[in-house]
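What follows is the residue order along each chain.
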Amino acid sequence: MYFTSPQQKQELKSYIKQIRMPLLLSGLGGLPYNCLSALVPIIQGWCIDQVLGGSYDDVVYAVIILAAVTIAYQFFRFFKRYSVRVMANRLSANLRYSLMEALFHTKNDVLELKGSGDVLNTCVKDVDLLVEAIRKTVTEIWDTWVLMLAYLAALAMLDWKLTLLGCIPLPFAILCANAMKKKVVAKNELAVKANSEASVKLKKTLDELTFARMSGCEELNLEALREAFQKQGDTNGLASFMKNGLAPLYLGIASLSVVVVVGLGSLKVVNRGMSVGALLSMISLMGTLAQRSTVASKVFNVQQGAIASWHNISALLEREQDGSGESLSAPVNTLELAHVSYMYPQARHTAFCDFNLKVTKPSLIGIRGAVGSGKSALARTLCGFYDYEGSYKINDCEVKALSEASKAALLKYMPHQLSCVNGTLCEVITWGSQRDNDYKESKRQACLDELNDDKEIGENGSQCSSGQQQRISLARVLYSDAEILILDDPFANVDHKTEIQLIEMIRELANRKIIFVFSHRPLIFDVCDQVIQLEGGECDEA
């Protein structure tokens, strides 16, 4: 596979190992590129000396050598840059692939606590910042450190004493940048937090746009959004200044090297101790060396800024489960909950507590309760999404101990709101599979015959009515043909006639499955084998 996850996803070095081939190729291009780049100024100085004191043939020969070296230099430069770009693209894709794997195995309550804005910011911006830092680091290994060594060697060949004197200011520029590391990290962490808050606020504003217009609250929403963007702009501007804006200071310190070479080198030329071409070569080499030393300082700051991004990425990667667990296959015979409770993360009250229930297949269980009574939390707990307290067993096997694959095969959850990317009706119901008899049956059972198979339903069913969205969500669950179905408000926004048809279908389906139905509508409870009333997080059998 071209893009994949390493075995040790929480270790950055594992991702570096994955890109070792383009790294090697960048070295094969970077080493000769930088050696030749140090040779070009020397040949240019030699050409000038030939123009000033050599013959015509000597000048032509020098120009031909210069042209050949320049062409070779540009070839290896292209080869190195291409390899580095391939490396960066693979690293970015592998990191995002690993994040998606981790998110698919992260408990829903943990994701809800993290927030969609934080997750989106980590998957996009933090990955980009980290990859850019690694790309720059690899680039500067060749374009700065190897180049600086090559330039120092070239300068020493021309005049080693003058080179030593000229290099005195360079370490001070690097040390000055290194002293700013902690401040750069702190400002970048604030910027990352502000980016996340702005993303959350923007998503919330877009989600509530229609309601805000209808209620006349759009100005309040826009004002809150402006404040979030203002904070984002201020913190990002300061973080960017800390990473990039101090470069002129570092360059000013490093440029003193050129002043030393120009001053002392000119005296040597006057005293016939150095040729004009050699002096010009040294000025060119020292100028580039001074500039690269400031780039090295800047890379230090970029690396420190990327540390905060890696902390965010690794925090999500650490959430991934190890994929182990007990295996449990159909058929399901019993389901039992004993003293099961669930509390939202960082909340001070339980969603529901001391829930007890024993079910044998086939069964149709109806669960009702007021808004805020814990119905949705119980539904997600039954699916294995939430980390509950107590005992929840299927066929005497604790659900916590089951592998993700077993839970996915046995338990299917219908949320009270359809969530999907844009696609045809068939693609959404079958999760991208081909049209088959199971799809046709699921579509019929969910009373969706009025919709064409190739109808584009829009993101989250935006091109369908509310009732159609609910039935599409139901059809997806029916298509899975799981042993245990958890249906959260399947009759919302459905007319009375369609509700009767769906109830008949669910009742018939419950003759061979275990089905939980959470609803406010009373008709379904008339055909249930058992009805549970939730009130204030506590349950009673109705």
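As the structure is a computational prediction, the values presented were derived from the model and not from experiment.

A.B. asks: It is not clear to me how the overall build of the chain should be interpreted in this structure. Could you clarify?
C.D. replies: Tallying secondary structure elements over the chain gives 18 helices and 10 strands in all. Pairs at least 24 residues apart make up 78% of the contacts formed inside the chain by residues separated by at least 6 positions. For the chain, the accessible area works out to roughly 27,200 Å², and carbon and sulfur atoms hold 58% of it.

A.B. asks: Any chance you could explain helix α16 (residues 437–445) here in plain terms?
C.D. replies: Since the α-helix packs 3.6 residues into each turn, any two residues three or four apart lie on the same face. For α16, the set of buried residues is Tyr 439, Ser 442, Lys 443 and Gln 445. Viewed along the axis of α16, the buried residues span an arc of 165°, placing them on a single side of the element. Away from its buried face by more than 90 degrees, α16 exposes Asn 437 and Lys 440. Close packing links the buried residues of α16 with α15 (425–430), α17 (466–480) and α18 (496–509). Phi turns positive, to about 60°, at Cys 447, one or two residues after α16.

A.B. asks: I'm lost on the nonpolar core in this one. Help?
C.D. replies: Soluble globular proteins tend to pack their nonpolar side chains together in the buried interior. Judged by nonpolar contacts, the single largest core of 38 residues is most densely connected at Ile 472, Leu 487 and Ile 515. Those elements that provide at least two residues to this core are α15, α17, β7 (484–488), α18 and β8 (514–518). Ignoring anything within four residues of it in the chain, the contact list for Leu 487 reads Met 414, Leu 474, Val 477, Ile 506, Ile 515, Phe 516, Val 517 and Phe 518.

A.B. asks: Honestly, the packing of α16 against α17 in this entry has me stumped. Any pointers?
C.D. replies: Helix packing for two helices is described by the angle between their axes and how far apart those axes are. The N-to-C vectors of α16 and α17 enclose an angle of 140°; their axes lie 8 Å apart at closest approach. Classed by the angle they form, the pair α16 and α17 counts as oblique. Pair α16 / α17 crosses with right-handed handedness. For the pair formed by α16 and α17, the contact residues are Asp 438, Tyr 439, Ser 442 and Gln 445 on the first element and Ala 475, Leu 478 and Tyr 479 on the second.

A.B. asks: Any chance you could explain a nonpolar patch on the surface here in plain terms?
C.D. replies: A cluster of nonpolar side chains, Met 21, Leu 24, Leu 25, Leu 28, Phe 78, Phe 79 and Tyr 82, forms an exposed patch at the surface whose accessible area comes to about 730 Å². Mapped onto the nonpolar patch, the elements with two or more residues apiece are α2 (20–53) and α3 (56–104). With four residues, α2 is the single largest residue contributor to the nonpolar patch. Here Leu 28 lies in helix α2.

A.B. asks: Looking at this structure, I do not really get the packing of aromatic side chains. What am I missing?
C.D. replies: A ring pair, where both rings are aromatic, is described by two values, the distance of the centres and the angle of the planes. Applying the stated rule across the entire model yields nine aromatic pairs. An angle of 20° between the planes, with centres 5.2 Å apart, marks the rings of Tyr 33 and Tyr 73 as stacked. Separated by 40 residues along the polypeptide, Tyr 33 in helix α2 and Tyr 73 in helix α3 bring together distant segments of the chain. Relative to Phe 355, the ring of Phe 352 lies with its centre 6.3 Å away and its plane at 75°, an arrangement referred to as edge-to-face. Note that Arg 368 overlies the ring of Phe 525, its terminal NZ or CZ placed 5.2 Å from the centroid. A cation over an aromatic ring shows up here: Lys 400 above the ring of Tyr 388, its NZ or CZ 4.8 Å from the ring centre.

A.B. asks: Is there a simple way to explain the environment of Ala 446 in this structure?
C.D. replies: Mapped onto the secondary structure, Ala 446 falls in the loop between α16 and α17. When sequence neighbours within four positions are dropped, the list of residues in contact with Ala 446 reads Arg 471, Ala 475, Leu 478 and Leu 502.

A.B. asks: I would appreciate a short explanation of helix α13 (residues 375–382) in the present structure.
C.D. replies: Most of α13 sits out of view: seven of its eight residues are buried. Within α13 the residues assigned to the buried category are Lys 375, Ala 377, Leu 378, Ala 379, Arg 380, Thr 381 and Leu 382. Note on α13: the residue one or two positions beyond its end, Gly 384, has a positive phi of about 85°.

A.B. asks: Is there a simple way to explain the pattern of salt bridges in this structure?
C.D. replies: Two side chains of opposite charge can pair, provided their charged atoms sit close to one another. Taken as a whole and assessed by the stated rule, the structure comprises 14 salt bridges. Taking the shortest distance from any N to any O, the salt bridge between Glu 132 and Arg 135 comes out at 2.7 Å. Here the residue Glu 132 and the residue Arg 135 both occupy positions in helix α5 (residues 116–166), the gap between them amounting to three residues, near one helical turn. The exposure class of Glu 132 is partly exposed, given its relative accessible area of 30%. The closest approach of N and O atoms between Arg 226 and Glu 223, which form a salt bridge, is 2.9 Å. With Arg 226 and Glu 223 both in helix α9 (residues 218–245), this residue pair falls three residues apart, about one helical turn. Classification of Arg 226 by relative accessible area gives partly exposed; the value is 43%.

A.B. asks: Whenever I open this one, the sheet that holds strand β5 (residues 397–398) confuses me. Can you help?
C.D. replies: Pairing between the strands of a sheet is mediated by backbone hydrogen bonds and can be parallel or antiparallel. Spatially, four strands are ordered β2-β1-β4-β5 in an open sheet, and the strand pairing comes out antiparallel. The open sheet has two free edges, formed respectively by β2 (350–360) and β5, since each of these has just one partner strand. Relative to strand β4 (residues 389–394), strand β1 (residues 334–343) is paired through five bridges, and the arrangement is antiparallel. Each bridged residue has a counterpart across the sheet, and for Ala 338 the counterpart in β4 is Ser 391. On top of the sheet, α13 reaches β1, β2 and β4; it is set at about 50° to β2, its chief contact.

A.B. asks: Got a minute to help me understand the side chain of Ser 403 in this structure?
C.D. replies: Turning to its location among the elements, Ser 403 is positioned in the loop between β5 and α14 (404–410). Of the polar contacts made by the side chain of Ser 403, one reaches the side chain of Ser 406; its length is 3.1 Å.

What counts and how
- Throughout, residues of each chain are indexed from 1 in the direction in which the sequence is written.
- Under the rules for a predicted model, residues below a pLDDT of 70 receive no local features and side-chain atom pairs below 80 are neither given nor counted, while totals for whole chains, interfaces and linings still include all residues.
- The basis for every side-chain value is the complete set of non-hydrogen atoms in the structure, without hydrogens or water.
- Strands are runs of DSSP state E lasting at least 2 residues, helices are runs of H or I lasting at least 4, and numbering of each runs from the N terminus.
- We call two residues in contact whenever any of their non-hydrogen atoms come within 4.5 Å of each other.
- Computed with a 1.4 Å probe, the accessible areas rest on the Shrake-Rupley method; for each residue, only the protein chains presented here act as cover.
- Only protein chains enter the accessibility calculation, which uses a 1.4 Å probe. A residue is then buried if its area is under 20% of the maximum for its type, exposed if over 50%, and partly exposed in between.
- What the arc measures is the spread of directions leading from the helix axis to the C-beta atoms.
- The criterion is simple. A nonpolar core is a set of buried Ala, Val, Leu, Ile, Met, Phe, Trp, Tyr and Cys residues joined through side-chain atoms within 4.5 Å.
- Here the axes come from fitting lines to C-alpha atoms, over the contacting stretch only for helices, and the angles between their N-to-C directions go from 0 to 180 degrees.
- Angles below 35 degrees are treated as roughly parallel, those above 145 as roughly antiparallel, those between 65 and 115 as roughly perpendicular, and all remaining angles as oblique.
- We call a crossing left-handed when the near helix sits turned anticlockwise from the far one by less than a right angle, and right-handed when that turn is clockwise.
- Here the term patch refers to residues with relative accessible area over 30% and no salt bridge, with like charges joined within 9 Å and nonpolar side chains (Val, Leu, Ile, Met, Phe, Trp, Tyr) within 5 Å.
- A pairing counts as a salt bridge when a side-chain nitrogen of Lys or Arg comes within 4 Å of a carboxyl oxygen of Asp or Glu.
- Stacked, edge-to-face and tilted are the three classes for Phe, Tyr and Trp ring pairs, Trp counted by its six-membered ring, which pair at centre distances within 6.5 Å; planes under 30 degrees apart are stacked, over 60 edge-to-face, the rest tilted.
- Think of it as a cone above the ring: NZ of Lys or CZ of Arg counts as a charge over the ring if it is within 6 Å of the ring centre and within 35 degrees of the ring normal.
- If DSSP finds at least two bridges between two strands, the strands pair.
- What qualifies as a polar contact is a pair of N or O atoms within 3.5 Å, subject to a donor-acceptor requirement within protein and to the restriction that residues adjacent in sequence count only when both atoms come from side chains.

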